[in-house]
Amino acid sequence: SAGGSAVARPSGLSLFRVTVVWQERINMARLKEKVVNAEGRIVLKIENEAWKSLPNALQQMSYLQEWQIHRTGLESIPRFVGVFDNLLVLDLSRNSVREIPKEIGQLTKLQELYISYNRLQQIPHELAGCKNLEKLDLAVNRELCDLPEQLSQLQRLYHLDLSMNRFTCIPLAVINMPALEWLDMGSNKLQELPDDMTRMEKLHTIWLQRNGITHLPETISKLKNLSTLVLTSNKLQKIPVCMEEMFNLRFVNLRDNPLRLKVTLSECANPEEEEDRELFGIEFMQAYIQELKK
């Protein structure tokens, strides 16, 4: 128009940019509402809400020390997870995560990683970079059947849960973990235990229930620190005599195995003792071995 200037209309691209900026601000505000202080730690806590992915705005919160994200339908861990170098605990159990990005290996302070009840099919070897990792829970991923050998470099890992997956043998990475004390491989597809499991010198508890284990190796007696051994619902036909040398064994469960010899324990004089007695426990094992030696 004469004497006036036309007002420039914003282009589609600049509108898009404004929208993105606003969306990021909204996301940031939404995320900040989820930050709590628990036991002196700064925790991101999201539960029972739909978050299929985590917004980019989260990168600005690299001061977080713990993520607690459960039942959100989360499908992926963002690759920018590597910037969270203050993370001590990463708990993403009960979601729909299909893979762990290799950037996880940048979390050198991480002590606990829980990704149970997800959809993982493999674990990246970069996880070995989490050199302070002490607890790792990968239970109930259903399709998981192997671990990269590099994970034996996790010098501090003492607690490992691999239950309810598809492992057909104890992975070499696990056998070579120097600090491992507690292992759950229940409800997998194990058929035997390796002779070289003696390398697991610090192991005190192993859960092997609901597998298809047909026999125990003679070397099992060399696990001198083992105090709890659960072998319920396997296919064992006998108990090796050498197990009588396992003096630290405190709790054993051999229930629901097709053992060839039928051994019944003599009744306790005291009815209370009878109630406390483990029917297929340590006493049963010792009686079984005595019967075998006859």
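Residues numbered from 1 in each chain as written. Predicted model: local features only at pLDDT ≥ 70, side-chain atom pairs only at ≥ 80, totals over all residues. Heavy atoms only, no water.

A. A look at the sheet that holds strand β4 (residues 89–91). Pairing is mixed across the open sheet formed by 11 strands, whose spatial order is β1-β2-β3-β4-β5-β6-β7-β8-β9-β10-β11. A single partner strand is all that each edge strand has here, and the edge strands are β1 (35–38) and β11 (251–253). The sheet shows a mean angle of 10° between the axes of neighbouring strands, direction not considered. Pairing of strand β3 (residues 66–70) with β4 involves 3 bridges; the strand directions are parallel. Across the sheet, residue Trp 67 finds its bridge partner in β4, namely Leu 90. (Pairing = 2+ DSSP bridges. Helix = DSSP H or I, 4+ residues; strand = E, 2+ residues; numbered from the N terminus. Axes fitted to C-alpha atoms, helices over the stretch in contact; angles between N-to-C directions.)

B. A look at a nonpolar patch on the surface. Residues Val 18, Trp 22 and Ile 26 make up a contiguous nonpolar surface patch of roughly 310 Å² in combined accessible area. Its location among the elements puts Trp 22 in helix α1 (residues 12–32). (Patch = residues over 30% accessible without salt bridge, like charges linked within 9 Å, V, L, I, M, F, W, Y side chains within 5 Å. Areas by Shrake-Rupley, 256 points an atom, 1.4 Å probe, with all protein chains shown as cover. Salt bridge = Lys/Arg side-chain N within 4 Å of Asp/Glu carboxyl O.)

C. Fine view of the packing of aromatic side chains. Under the defined criterion, the tally for this structure stands at 4 aromatic pairs. Ring plane angle 80° and centroid distance 5.0 Å describe the contact between Trp 67 and Phe 84, whose orientation is recorded as edge-to-face. In this pair, Trp 67 sits in strand β3 while Phe 84 sits in the loop between β3 and β4, placing the two residues 17 residues apart along the sequence. The exposure class of Phe 84 is buried, given its relative accessible area of 0%. Relative to Phe 84, the ring of Phe 80 has its centre 6.4 Å away and its plane inclined at 40°; by these criteria the two rings are tilted. Ring pairs connect the aromatic residues Trp 67, Phe 80 and Phe 84, which therefore count as one cluster. (Phe/Tyr/Trp six-rings, centres within 6.5 Å; stacked < 30°, edge-to-face > 60°. Buried < 20%, exposed > 50% of the residue type's maximum accessible area, 1.4 Å probe, protein only.)

D. Main features of the nonpolar core. Leu 58, Trp 67 and Met 243 are the most contacted members of the largest nonpolar core, which has 78 residues in total. Counting residues per element, the ones that place at least two in this core are α1, β2 (41–47), β3, α2 (172–175) and α4 (282–293). Not counting residues up to four positions away in its chain, the partners in contact with Met 243 are Leu 216, Ile 220, Leu 229, Leu 249, Met 285 and Ile 289. (Core = buried A, V, L, I, M, F, W, Y, C linked by side-chain atoms within 4.5 Å. Contact = heavy atoms within 4.5 Å.)

E. View of the pairing of β1. Two elements, β1 and β2, share 4 bridges in a ladder whose sense is antiparallel. If you follow Ala 38 over to β2, its bridge partner there is Arg 41. In sequence, β1 turns back onto β2 through a hairpin of 2 residues, with Glu 39 there showing a positive phi of about 50°.

F. Expanded view of the pattern of salt bridges. Evaluated as defined, the whole model comprises 7 salt bridges. Here Glu 103 and Arg 79 are joined by a salt bridge, their closest N and O atoms 2.9 Å apart. On the criterion of sequence distance, the pair formed by Glu 103 in the loop between β4 and β5 (112–114) and Arg 79 in the loop between β3 and β4 is long-range, its members being 24 residues apart. Overall, Glu 103 belongs to the buried group, its relative accessible area being 13%.

G. Just the side chain of Lys 34, in detail. Within the secondary structure layout, Lys 34 lies in the loop between α1 and β1. With residues near it in sequence (within four places) discarded, Lys 34 still touches Val 43, Leu 44, Lys 45, Ile 46, Glu 49 and Trp 51.

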